Amino acid sequence: MDEKIKEEASKDNYRQEPKVGVYICHCGGNISDVVDVKKVAEELSKYPGVTVAREYPFMCSSNGQDLITEDIKNLGINRTVVAACSPSLHDLTFRGVLQRAGVNPYLHEHVNIREQDSWVHKLDHAGATAKAIKLAQAGVEKVRRKDPLNAIRVAAEQRVAVIGGGVSGMRAALSAAGKGLEAVILEKGPRLGGKLLDLGRLYPSGEEASAVVKKLEDLVRADKKITVHTDADIDFVGGFVGNFKINFKLPGGKSQQVKAGAIVMATGYEHYKPYKGEFGYGEAANVLTLPEFISLMKKLPAGRLEYGGREIKSLALIHCVGSRQVEGVHKPQADGKINDYCSRVCCTAAINTANQIKEKYPGVRIYDVYRDIRTYGMMHESYYEQASKNGVLFFRHTETDQPVVTSDRTGHNVKVKDVLTWGEELEFKADLVVLVTGLVPSDISLIKSQMKMPSSADRFLQEVHLKLRPVELANAGIFIAGAAQYPMDSTEAMASAGTAASKAGILLAEPDIPLEPFVAVVDEKKCTGCGLCPAECSYDGALTMSEKNGKKVAVVNPALCKGCGACVAVCEPRAIDVAGWTLAQFDAMVEAIAKE
Amino acid sequence: MPPNKKKILIITTNHSSYPGADAVGQARLAYEANTYIIRVPDPVMFPEDFYLGAFDKGIGGIIIMSSGSDCPYEGAYERLSKRVARVYEKMKARGIKADRLKLTTICTVCRAAFLKEISEMEKAVAAA
Ligand SMILES: Cc1cc2nc3c(=O)[nH]c(=O)nc-3n(C[C@H](O)[C@H](O)[C@H](O)COP(=O)(O)OP(=O)(O)OC[C@H]3O[C@@H](n4cnc5c(N)ncnc54)[C@H](O)[C@@H]3O)c2cc1C
């Protein structure tokens with residue numbers, strides 16, 4: 001092991017013969033109305049290796065937990081099976097009971113007889129009971145073969161590297177610094193602020209984007225715990241939780257390195273770039289994207305809306321350009337995929353802009369061509385209502401009947417098969433066409449491939465679980481802030497940045513951090529040194545061949561191993577296993593399940 | 001459940017299909033009780049003989065519910081599908097019908113797909 005990595009001190013209560021306690025939960029009546037819990041407990045009490053089997057109305061209550069503690073004390077129970085709800089809810093609860101009672105917490109097995117039994121077999125009480133018995137028996141087989149495990153502890157740099165200096169990155173750095181951590185912002189552009197640098201008056205606050213950026217930037221620059229590098233060209237990201245290394249070049253080619261315990265990915269998004277000829281973009285004059293139009297409007301005085309030296313008296317907004325694309329209707333992106341996701345912020349952004357045009361240039365006619373208006377968010381529907389009151393005319397088309405723009409020197413002709421008038425073909429003239437373009441992820445392919453970061457089907461960075469582990473990447477110690485995860489407005493982006501920084505703060509609260517020990521382990525006595533397993537491993541440095549005591553063996557770096565088990569399957573002598581999830585356990589479970 | 005109905009082993013992933021199976025329960029949807037769900041970090045860990053061994057032990061059918069493109073582990077799905085292809089070859093050699101093993105992808109909210117896979121496997125197991 002690396003000198004920075006050590007095992008937590010272990011509790012030596014496992015060398016004793018396994019004595020399993022089995023606890024069947026009624027979950028009020030959620031389980032016991034369907035499953036005959038008495039029968040399950042009775043059957044389990046006769047099962048080899050089981051010292052005691054009980055049933056109880058609520059195992060998760062403090063009385064239920066005390067039952068286990070008492071059995072540990074009085075009967076010498078040293079392994080437990082709790083058959084109850086899903087482990088996602090209470091696995092950790094019962095691990096905690098064991099730990100407090102002086103038993104290694106990993107000698108617990110949680111069996112699901114609610115979500116995957118009583119709730120789905122309501123009409124088959126006998127079948128559900130038979131299944132509960134088998135599942136609990138398989139749990140006993142598994143827990144009997146479990147080894148005590150100890151969280152791996154890794155010494156950590158007390159520093160957060162924030163990649164991207166938009167509002168999310170700045171917010172994340174400020175939150176991290178507020179928790180006493182050092183933060184380093186690495187921004188590839190020349191300025192902090194990201195996409196807000198080009199935006200105008202923002203919804204929902206009505207503040208100017210430049211003012212929002214300035215406020216954040218002033219705070220960042222004043223904070224001694226935050227270092228900012230702009231024009232930073234990142235060329236390497238490596239290492240693992242607690243010990244990441246990021247190399248970057250500054251203008252002039254000077255190389256620098258940041259070491260960090262955690263990384264926040266705040267790399268944001270790019271505007272969808274319409275292809276040449278998409279609704280006339282890049283071919284006809286007077287076709288712009290919404291961000292281009294917003295930049296333009298910022299510079300123009302009130303009174304006369306002008307573009308290319310000509311007054312604009314009418315304007316068409318076309319929604320969903322580059323978003324919610326349909327297979328067979330839209331041209332695929334460079335990677336062959338279509339952007340079938342909704343870019344979320346563009347509806348409100350477009351309508352907010354329409355209202356601002358009406359305010360600044362009341363005479364301009366605005367036609368809004370949309371598929372669905374999705375002004376999600378608190379009170380955002382009021383922008384739509386306001387636009388209707390302001391006289392913006394709305395046209396709605398279906399996903400397959402796209403609007404058609406034809407252009408000549410006099411302007412544009414827009415044709416829409418309008419759902420609002422029961423499919424009538426409507427046509428109008430517009431001096432300017434504004435394409436409400438979607439959001440696509442920033443190109444961070446180098447960092448993503450070096451760190452093997454997962455992305456969703458939409459190519460944005462993907463969190464592990466929406467509810468259970470939000471803003472966490474599967475890579476331990478890396479968190480996502482803002483629009484790098486999916487299209488979101490700046491309020492949402494800053495909220496997610498706060499979450500990311502909090503998670504980094506929790507992770508780095510102690511000088512060394514505990515990791516779940518579910519990583520590959522090698523039985524050096526069984527390892528023949530064949531060398532097949534490293535080739536199966538996708539994580540650089542996680543599994544290598546090394547000389548140990550004069551013998552070539554496979555060696556795992558537990559801080560880099562993700563515990564997928566790809567190596568396990570190719571090891572003929574079964575010398576390698578994922579701790580806590582061994583093949584021997586699974587063979588025994590299947591045996592127990594299959595037995596008549 | 002008739003007493004001697006063949007059992008179906010369902011291999012799920014901690015990240016994706018196990019929560020998917022929970023979602024089916026949370027929605028109180030129903031399927032048959034001869035189904036036994038086990039969970040793993042990733043089914044890529046099972047060697048070919050694990051599946052063959054399960055059939056030998058008397059398991060009627062096996063559904064591997066992987067995380068597919070949501071898989072948090074690099075390259076694991078590709079390795080798994082290659083391995084399953086080899087298991088099919090070995091099953092053929094032993095005269096085990098191919099439809100008794102199925103590799104599929106189930107997400108955390110794929111309730112309909114989960115039920116469909118089970119009902120198809122029920123048919124395959126009943127016919128075997
Ligand atoms: C037309 C339009 C109008 C909008 N209007 C509003 C509005 O009115 N109100 C509102 O709240 N939101 C609005 N939004 C959304 C708003 O733009 C985003 O919520 C916000 O920009 C997200 O901030 P971010 O920091 O997550 O990403 P970004 O603003 O994209 O910032 C990301 C930063 O990361 C940097 N970066 C990227 N890759 C790297 C790398 N490899 N290395 C280093 N740095 C990197 C980028 O240079 C950039 O500075 C609008 C969006 C659009 C498209």
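Participant: Just give me the short version of the overall build of chain A, but keep the residues and values in it.
Facilitator: On a plain count of helices and strands, chain A comes out with 14 helices and 31 strands. Projected onto its principal axes, the C-alpha coordinates of chain A cover approximately 90 × 65 × 45 Å. Counting over 596 residues, chain A shows a buried share of 56%. Counting contacts in chain A only where the partners sit at least 6 residues apart, residues at least 24 apart contribute 68% of the total. Carbon together with sulfur atoms contributes 52% to the accessible area of chain A, which is approximately 25700 Å² in total. Considering chain A, the positive charge centre built from 74 side chains and the negative charge centre built from 74 side chains are found 3 Å apart.

Participant: Before we move on, could you go through the site of the ligand and cite the residues and values that matter?
Facilitator: Residue and element names in this part refer to chain A. Close to the ligand lie 33 residues, the nearest being Ser168, Glu187, Tyr203, Met488 and Ser490. In the model, a nitrogen atom of the ligand is placed 3.1 Å from a nitrogen or oxygen of the lysine 188 main chain. Relative to its unbound accessible area of 1000 Å², the ligand is 95% covered by the protein chains. Counting only elements with at least two residues in the shell around the ligand, the list comes to α6 (167-178), β14 (269-271) and α12 (490-507). Both domain 2 (159-268 + 442-513) and domain 3 (274-438) contribute no fewer than three residues apiece to the shell around the ligand.

Participant: Tell me about the domain arrangement of chain A, and please be specific about residues and values.
Facilitator: Taken as a whole, chain A is organised into domain 1 (3-150), domain 2 (159-268 + 442-513), domain 3 (274-438) and domain 4 (519-578). Of note, the centres of domain 3 of chain A and domain 4 of chain A, computed from C-alpha atoms alone, are 57 Å apart.

Participant: So, the pattern of salt bridges: which residues are in play, and what are the values?
Facilitator: Pairing is possible between side chains that carry opposite charge, provided their charged atoms lie close to one another. Residues and elements named next belong to chain A. Counted by the stated rule, this structure contains 44 salt bridges over all chains. Among the ionic pairs, lysine 38 bridges to glutamate 55, the shortest N-O distance being 3.8 Å. Taken together, the residues span a long stretch of sequence, with lysine 38 in helix α1 (residues 37-45) and glutamate 55 in strand β3 (residues 50-56) at a distance of 17 residues. Classification of glutamate 55 by relative accessible area gives partly exposed; the value is 25%. Among the salt bridges present, the one from lysine 503 reaches glutamate 472, with a minimum N-O distance of 3.0 Å. Highlighted residues: lysine 503 in helix α12 and glutamate 472 in the loop between α11 (445-451) and β26 (478-480), separated in sequence by 31 residues. Residue glutamate 472 is classed as buried on the basis of its relative accessible area, which comes to 17%.

Participant: Explain helix α7 (residues 209-222) of chain A residue by residue, including any values.
Facilitator: Residues and elements named next belong to chain A. Between its first and last C-alpha, α7 extends 20 Å over 14 residues, near the 20 Å set by a 1.5 Å rise per residue. For α7, every residue scored as buried is listed here: Ala209, Val212, Val213, Leu216, Glu217 and Val220. Along the axis of α7, the buried residues cluster in a sector spanning 120°; they form a single face. Turned more than 90 degrees away from the buried face of α7 sit Lys215 and Ala222, all of them exposed.

Participant: Give me the lowdown on the interface of chain B and chain A, citing residues and values where you can.
Facilitator: Listed as interface residues are 43 residues of chain B and, on the opposing side, 51 residues of chain A. Taking both partners together, chain B and chain A bury about 4000 Å²; carbon and sulfur atoms supply 58% of that area. Interface area lost by chain B to chain A is led by B:Tyr36, B:Met45 and B:Lys57, which between them contribute 17%. Connecting chain B to chain A are 4 salt bridges. We note a salt bridge from A:Arg574 to B:Asp49, for which the minimum N-O separation is 3.9 Å. Applying the counting criterion to the chain B and chain A interface returns 14 residue pairs in polar contact (both at pLDDT 80 or more). For the side of chain B that touches chain A, the elements supplying multiple residues, two or more each, are α1 (17-26), β2 (35-40), α2 (48-57) and α3 (76-93) of chain B. For the side of chain B that touches chain A, a count of residues per class yields 23 nonpolar, 8 polar and 12 charged.

What counts, and at which threshold
- Residues numbered from 1 in each chain as written.
- Chains lettered and ligands numbered in written order.
- Predicted model: local features only at pLDDT ≥ 70, side-chain atom pairs only at ≥ 80, totals over all residues.
- Heavy atoms only, no water.
- Helix = DSSP H or I, 4+ residues; strand = E, 2+ residues; numbered from the N terminus.
- Buried < 20%, exposed > 50% of the residue type's maximum accessible area, 1.4 Å probe, protein only.
- Contact = heavy atoms within 4.5 Å.
- Areas by Shrake-Rupley, 256 points an atom, 1.4 Å probe, with all protein chains shown as cover.
- Lys, Arg positive; Asp, Glu negative; His and termini not counted.
- Charge placed at Lys NZ, Arg CZ, Asp CG, Glu CD.
- Near = heavy atom within 4 Å.
- Polar contact = N/O pair within 3.5 Å; in protein donor to acceptor, adjacent residues only side chain to side chain.
- Domains from an automatic or database assignment.
- Salt bridge = Lys/Arg side-chain N within 4 Å of Asp/Glu carboxyl O.
- Expected span 1.5 Å × (residues − 1).
- Arc of directions from axis to C-beta.
- Buried area = accessible area lost by both parts, 1.4 Å probe.
- Nonpolar A, V, L, I, M, F, W, Y, C, P; charged D, E, K, R; others polar.

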